[in-house]
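One letter stands for each residue in the lines below.
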Amino acid sequence: MNPLETLRHSCAHVLATAVCKLWPEAQFAAGPPVENGFYYDVDLKHRLSPEDFAAIEAEMQKVVTAQQPFTRSEVTRAEAEAMAKSGRLASLAERAGGSVFKLDILQGIPEGEAISLYQNGDFIDLCAGPHVANTGDIGAFKLTSVASAYYKGDEKNPQLQRIYGTAFPSKKELDDYLTMVEEAKKRDHRKLGRDLQLFVFDDDVGPGLPLWQPNGTVLIEELEKLAKETEFEAGYLRVRTPHLAKESLYKTSGHLPYYAESMFPAMEFCEEEGGQTVKYYLKAMNCPHHHKLFGANPRSYRDLPMRLAEYGTCYRYEQSGELFGLMRVRSMQMNDAHIYCTEEQFASEFKAVNDIYLRYFHIFGIEKYRMRFSTHDPERLGKKFVDEPALWKKTEDMVREVLKNSGVDFVEVANEAAFYGPKIDMQVWSAIGREFTLATNQVDFAVPARFGLEYTTRDNTKATPLCIHRAPLGTHERFIGFLIEHYAGNFPLWLSPEQIRVLPITDAQVPKAREYAAQCRRYGLRASVDESGDKLGAKIRLAQTEKVYYMLVLGAKEEASETVSVRSRAQGDLGVKKFEAWLEETRQAIAARSR
């Protein structure tokens, strides 16, 4: 954990201490730090609500003021089980009924692994740590919400109450964060997505499966156009693959059985040949299909690097409690590509991918970003990571060298690599300072060999290519969710679902308004006419509410002079302009994807 995560982890213990003071019968499960704060899951007959927060926070402040030391101790499994059965874990004293969730968590700790407890005041908890020195080091905190959550995220388990909070070293940092949160509520992609008619979810379709409305589909198509233009220029080859595949494909890739919980259940069919039952899975990733495409024909070193790109649709079975608008879904369209290259080509290819990220950041006005370089843990080779120590060192050294030579801001994090190689997660900050993980860039030195991928070298020998997995725009769903908040729905001209709306002042100008709109559409601009009988002021207000980028006011005077009175959503009245000249200027701005 980093220092802020440690502080928040300690604050979760202070929260549990306070809840125990108020409701001694409370049963606690897990209380980890998470993005932007912490939570603790509790089983309690009293239904918690924000109205309880003031009382809980008052008890928490007493614990902080007392500056209780966090004391770590190690116990045997038998001692820990005895404490759990007596109700002494995650409590202030022994109690009837035991510490049921802590006892279950204890059973999941592998034999031989150290079992540690942390104590502050009378509160003792089963915990691996770490913690701050004492409760007085926690700084400023606030409880933020309460929600329902299944124990261990499994719908078959008891439903608990999850208390969320946040903490920072100083009150100013907390206040700044809370201000940002309030602004984020105004920019909530779920609300704006509904208000701007971008996407919907429907119970009959299923949770986590977004339906894109025409306005939202514009965003998708513009992003795909950007990606395809960029990738064509960089020498990518476009491919198409099916939405499902046989079980054997994912066994070869290694995703089965290890990734099975994140995949939709198998579909079983009795194939005509042989009459055997065969399992098919909806694809959760595109890479196995792309590996098959690379291996479909003999390859030479002259074919490398080979860059295969696809906006592929993937399906992942996220737990219902983890679904969140467009940010966590079960169906996603991914800006995916796989680059097959030699070791000598790796550095330039990896840098070229990073350059694409930087190009996109400029286009979307993303000014703050960081690359998170995830490496392996040598002690977990053969368990969490492919057991190839030499290849891990070589590829991590190569990635690290590229990042240093590129001069980009990056942090290195151990034990978070993909199972087949090191990866980079792109952390970006929206216009209001909220952090998002948008995309990944991964090195794969293991799976190509599992598929028997090879190419003929200059020396007429066979070699296995390295594979770079990359998705600079991530998924449509997550990236558009980010853009909605980043722009607060006020998309730049090239991305706006409705770029132009012509506003005739009277019915007499409707034919000319239709003519102007049709001319715009002939050039690929998204234009419409407001033919309602509303007054001009009402038409302007509606266009502003619906976040139309340009409003062209057309009266008798403008019609006679082939002009329009131009209003911009962001800048207001831009004055009267010749329609043809304005149209050409607008076409150029869209082509340049100007911000």
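In this report, the structure presented in the accompanying data block is examined. (Residues numbered from 1 in each chain as written. Predicted model: local features only at pLDDT ≥ 70, side-chain atom pairs only at ≥ 80, totals over all residues. Heavy atoms only, no water.)

**So, empty space enclosed by the protein**
Now for step 1: The tally for this structure, following the rule as stated, stands at 1 cavity of 30 Å³ or more.
Now for step 2: The computed volume of the largest cavity comes to approximately 50 Å³.
Now for step 3: Lining the largest cavity, in full, are Tyr357, Tyr360, Phe361, Phe364, Ile366, Met426, Leu438, Ala439, Pro472, Leu473 and Phe479.
Now for step 4: Where the lining of the largest cavity is concerned, the elements lending two or more residues are α11 (343-363) and β20 (435-444).
Now for step 5: Counting residues per element, the lining of the largest cavity draws most heavily on α11, which supplies 3 residues.
Now for step 6: Its residues assigned to classes, the lining of the largest cavity shows 11 nonpolar, no polar and no charged. (1 Å grid on protein atoms, 1.4 Å probe; cavity = no way out; pocket = protein on both sides within 12 Å on 5 of 7 lines; lining within 4 Å. Points joined across faces, edges and corners; volume = space filled by probe spheres on them. Helix = DSSP H or I, 4+ residues; strand = E, 2+ residues; numbered from the N terminus. Nonpolar A, V, L, I, M, F, W, Y, C, P; charged D, E, K, R; others polar.)

**Side note on the sheet that holds strand β11 (residues 237-238)**
Now for step 1: One open sheet holds the 8 strands; their spatial order is β11-β15-β16-β23-β20-β19-β17-β18, and the pairing between them is mixed. The open sheet has two edge strands with one neighbour each: β11 and β18 (410-413).
Now for step 2: Those strands touched by helix α7 (residues 214-233) are β11, β15 (306-315), β16 (331-341) and β23 (466-470), and its axis lies near 160° from that of β15.
Now for step 3: On the sheet, α11 packs against β15, β16, β17 (369-374), β19 (423-429), β20 and β23 and is oriented at approximately 165° with respect to β20. (Pairing = 2+ DSSP bridges. Contact = heavy atoms within 4.5 Å. Axes fitted to C-alpha atoms, helices over the stretch in contact; angles between N-to-C directions.)

**Overview of the sheet that holds strand β27 (residues 563-568)**
Now for step 1: Strand order across the open sheet formed by 5 strands is β25-β24-β26-β27-β28, with mixed pairing between neighbours. Strand pairing shows two members of the sheet lacking a second neighbour, β25 (527-529) and β28 (572-578), which therefore form its edges. Ignoring which end each strand starts from, the neighbouring axes of this sheet average 25° apart.
Now for step 2: Direction of pairing for β27 relative to β28: antiparallel, over a ladder of 6 bridges. Residue pairing across strands places Thr563 opposite Lys578, the latter belonging to β28.
Now for step 3: Each of β24 (500-504), β25, β26 (550-554) and β27 is contacted by helix α15 (residues 510-522), which is oriented at about 170° to β25, the strand it contacts most.
Now for step 4: On the sheet, helix α18 (residues 579-591) packs against β24, β26, β27 and β28 and is oriented at approximately 120° with respect to β28.

**A closer look at the packing of aromatic side chains**
Now for step 1: Counting across every chain of the model gives 25 aromatic pairs.
Now for step 2: Feature note: the residues Phe364, Phe436, Phe479, Phe482 and Trp494 constitute an aromatic cluster, connected by ring pairs.
Now for step 3: Over the face of the ring belonging to Phe168 we find Arg8, whose NZ or CZ atom lies 4.7 Å from the ring centre.
Now for step 4: Sitting over the ring of Trp494, Arg593 keeps its end group 5.3 Å from the ring centre. (Phe/Tyr/Trp six-rings, centres within 6.5 Å; stacked < 30°, edge-to-face > 60°. Lys NZ or Arg CZ within 6 Å of the ring centre and 35° of its normal.)

**Considering the nonpolar core**
One broad rule of soluble globular proteins: the nonpolar side chains tend to lie buried together.
Now for step 1: Within the largest apolar cluster, 102 residues are counted, with the highest numbers of intra-cluster contacts made by Phe346, Phe364, Leu483, Ile500 and Trp582.
Now for step 2: Those residues in contact with Leu483 that lie beyond four places of it in its chain are Leu223, Phe364, Ala488, Phe491 and Leu495. (Core = buried A, V, L, I, M, F, W, Y, C linked by side-chain atoms within 4.5 Å. Buried < 20%, exposed > 50% of the residue type's maximum accessible area, 1.4 Å probe, protein only.)

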